[in-house]
Amino acid sequence: MIYACHCTICQRQSGGAFGMAAMFGGGDMTMTGIAPAHFIRQGHGRKFRCYFCLECGTRIYHQWFTEDGDFPFVNIKPGTLDDTSWVRPGCHVWTQHAQPWIRFLDDDVVFRQQPGFEEMPRFSRP
Ligand SMILES: [Zn+2]
């Protein structure tokens, strides 16, 4: 499932109207090449480790964590994938901050704020 987050933090960090993330199980991802650097961000009541390329600065993925450990999934920035032809957000969060020109499709899952973890559709692939 591809998420679009319309919160003001994601608008700022993406330099656009929303940020996008594709949720995958942590074991489904293999990194090659230069190890990414990361910074830690807080938002939506969670902490994220945000990984980016040291050469070009591109955000690659983020992972939620707590003092109890990492969540068992990663949120990949889908625009960094080699094949982006299937990328379309089917779930929108923090739509209370969405730009007024944004339109949602009938089958989109839409939340005005951050849904609970158990409410979020996840791990579905195209
Ligand atoms: Zn956000």
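This text follows the structure it describes.
In this report, we go over the structure that sits alongside the text. (Residues numbered from 1 in each chain as written. Predicted model: local features only at pLDDT ≥ 70, side-chain atom pairs only at ≥ 80, totals over all residues. Heavy atoms only, no water.)

As for its placement among the helices and strands, P72 is situated in the loop between β6 (69–70) and β7 (73–76). Owing to a relative accessible area of 61%, P72 belongs among the exposed residues under this scheme. Along the chain, P72 and H97 lie 25 residues apart, while their C-alpha atoms are 28 Å from each other. (Helix = DSSP H or I, 4+ residues; strand = E, 2+ residues; numbered from the N terminus. Buried < 20%, exposed > 50% of the residue type's maximum accessible area, 1.4 Å probe, protein only.)

On to the state of the cysteines. For the coordinates displayed, the defined rule picks out zero disulfides. In this structure C56 is a free cysteine whose sulfur lies 3.8 Å from that of C53, the closest cysteine sulfur available. The thiol sulfur of C91 is not disulfide-bonded, and the nearest other cysteine sulfur, from C5, lies at 9.8 Å. On the basis of relative accessibility, which here comes to 0%, the residue C91 falls in the buried class. (Disulfide = S-S within 2.5 Å.)

Positive phi values are uncommon outside glycine, yet W94 reaches one of about 55 degrees. As for its position among the elements, W94 is in the loop between β8 (91–93) and β9 (109–110).

Within the element layout of this structure, T95 appears in the loop between β8 and β9. Taking relative accessible area as the criterion, T95 reaches 13% and is therefore assigned buried. Every residue in contact with T95, bar those within four places of it in the chain, is listed here: H6, F104, V110, F111 and R112. (Contact = heavy atoms within 4.5 Å.)

Where charged atoms from two side chains of opposite charge approach closely, those side chains can pair. Overall, the coordinates contain three salt bridges when judged by the stated rule. Residue R88 pairs with D108 through a salt bridge whose shortest N-O separation is 3.0 Å. One end of the pair, R88, is in the loop between β7 and β8; the other, D108, is in the loop between β8 and β9, and 20 residues separate them in sequence. Residue R88 is classed as partly exposed on the basis of its relative accessible area of 38%. Overlapping salt bridges bring together R88, D107 and D108 as one network. (Salt bridge = Lys/Arg side-chain N within 4 Å of Asp/Glu carboxyl O.)

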